[in-house]
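# Per-entry structural report
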Amino acid sequence: MGKLTVLALRAVVVALLAGSVCAQTVMVALLASDLDGSELADRRVPIVLIVVLGVVTVQVVLLCVWRLVTMARRGTVFSLAAFRYVHVVIGAFVAAALLVFTLGVVLAPGEAVAPGVVLLLGGVGLAVFGIALIVLVLRMLLAQAVARDVEASQMRAELAEVI
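Predicted model only: the values in this text are computed from it and were never measured. (Residues numbered from 1 in each chain as written. Predicted model: local features only at pLDDT ≥ 70, side-chain atom pairs only at ≥ 80, totals over all residues. Heavy atoms only, no water.)

### Here we look at the nonpolar core
Leu 68 and Phe 93 are the most contacted members of the largest nonpolar core, which totals 20 residues. Those elements that place two or more of their residues in this core are α2 (44-74), α3 (81-107) and α4 (115-162). When residues in this core are grouped by element, the largest group, 10 residues, is from α3. Those residues in contact with Leu 68 that lie beyond four places of it in its chain are Val 77, Ala 82, Tyr 85 and Val 86. The next biggest cluster of nonpolar side chains, apart from the first, holds 14 residues, and it includes Ala 32, Leu 40, Val 48 and Ile 50. (Core = buried A, V, L, I, M, F, W, Y, C linked by side-chain atoms within 4.5 Å. Buried < 20%, exposed > 50% of the residue type's maximum accessible area, 1.4 Å probe, protein only. Helix = DSSP H or I, 4+ residues; strand = E, 2+ residues; numbered from the N terminus. Contact = heavy atoms within 4.5 Å.)

Written out as structure tokens, the structure reads:
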């Protein structure tokens with residue numbers, strides 16, 4: 001990975017992390033206060049909790065991406081250590097999908113939220129779950145690359161013994 005690419009990606013990750021911390025502190029407090037006088041006041045706690053946990057899943061993914069970029073920059077991404085971060089990313093996306101589905105379930109009863117919004121949340125949850133499946137496929141590609149790297153190093157070792 002080039003230095004400029006790594007620098008740009010890290011700048012984006014830092015900006016997104018700063019924005020997510022702002023969302024957790026300021027925006028969630030504003031959301032909670034806005035829900036006080038609305039028809040959703042009785043569901044304020046689960047809604048705010050789902051939003052906070054959703055932001056946490058984003059932060060987890062961003063931190064894992066940071067570590068994977070660091071590994072790629074050092075040339076160690078094709079190792080077994082990378083799987084830990086990929087597994088966490090997959091888990092975070094699955095958790096985010098479940099949170100979106102749960103938010104839809106929490107908002108569904110009553111007339112405070114239009115049925116189309118609940119349906120839209122179902123579609124978003126399905127899309128986030130689809131991203132988890134895409135990362136799973138990428139994990140399989142990483143596993144193949146690691147296996148080929150191990151095989152190549154074994155062949156080099158055997159060739160060195162012959163020579």
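### Re the side chain of Gln 59
Structurally, Gln 59 can be placed in helix α2. Once residues lying within four places of it in the same chain are set aside, the contact partners of Gln 59 are Leu 17, Ser 20, Val 21 and Gln 24.

### Some words on a nonpolar patch on the surface
Taken together, the side chains of Phe 129, Leu 133, Leu 136 and Met 140 present a nonpolar region at the surface, about 340 Å² in accessible area. Relative to the helices and strands, Leu 133 is located in helix α4. According to the relative accessible area criterion, Leu 133 is partly exposed, its value standing at 43%. (Patch = residues over 30% accessible without salt bridge, like charges linked within 9 Å, V, L, I, M, F, W, Y side chains within 5 Å. Areas by Shrake-Rupley, 256 points an atom, 1.4 Å probe, with all protein chains shown as cover. Salt bridge = Lys/Arg side-chain N within 4 Å of Asp/Glu carboxyl O.)

### Re the pattern of salt bridges
Scanning the entire structure with this criterion turns up two salt bridges. The partner of Asp 36 in a salt bridge is Arg 44, and the shortest N-O contact between them spans 3.0 Å. Relative accessible area serves as the criterion here: at 46%, Asp 36 is assigned to the partly exposed category. According to the relative accessible area criterion, Arg 44 is partly exposed, its value standing at 30%. Notably, a salt bridge pairs Asp 42 with Arg 43, separated by 3.8 Å at the nearest N-O pair.

### A word on the packing of α2 against α3
Close contact between α2 and α3 brings their axes to 9 Å; oriented N to C, the two are set at 160 degrees. Comparing the axis directions of α2 and α3 gives the class roughly antiparallel. Note that α2 runs across α3; the crossing there is left-handed. Class assignment for the residues of the contact of α2 with α3 results in 23 nonpolar, three polar and one charged. (Axes fitted to C-alpha atoms, helices over the stretch in contact; angles between N-to-C directions. Parallel < 35°, antiparallel > 145°, perpendicular 65-115°, else oblique. Left-handed = near helix turned anticlockwise from the far one by under 90°. Nonpolar A, V, L, I, M, F, W, Y, C, P; charged D, E, K, R; others polar.)

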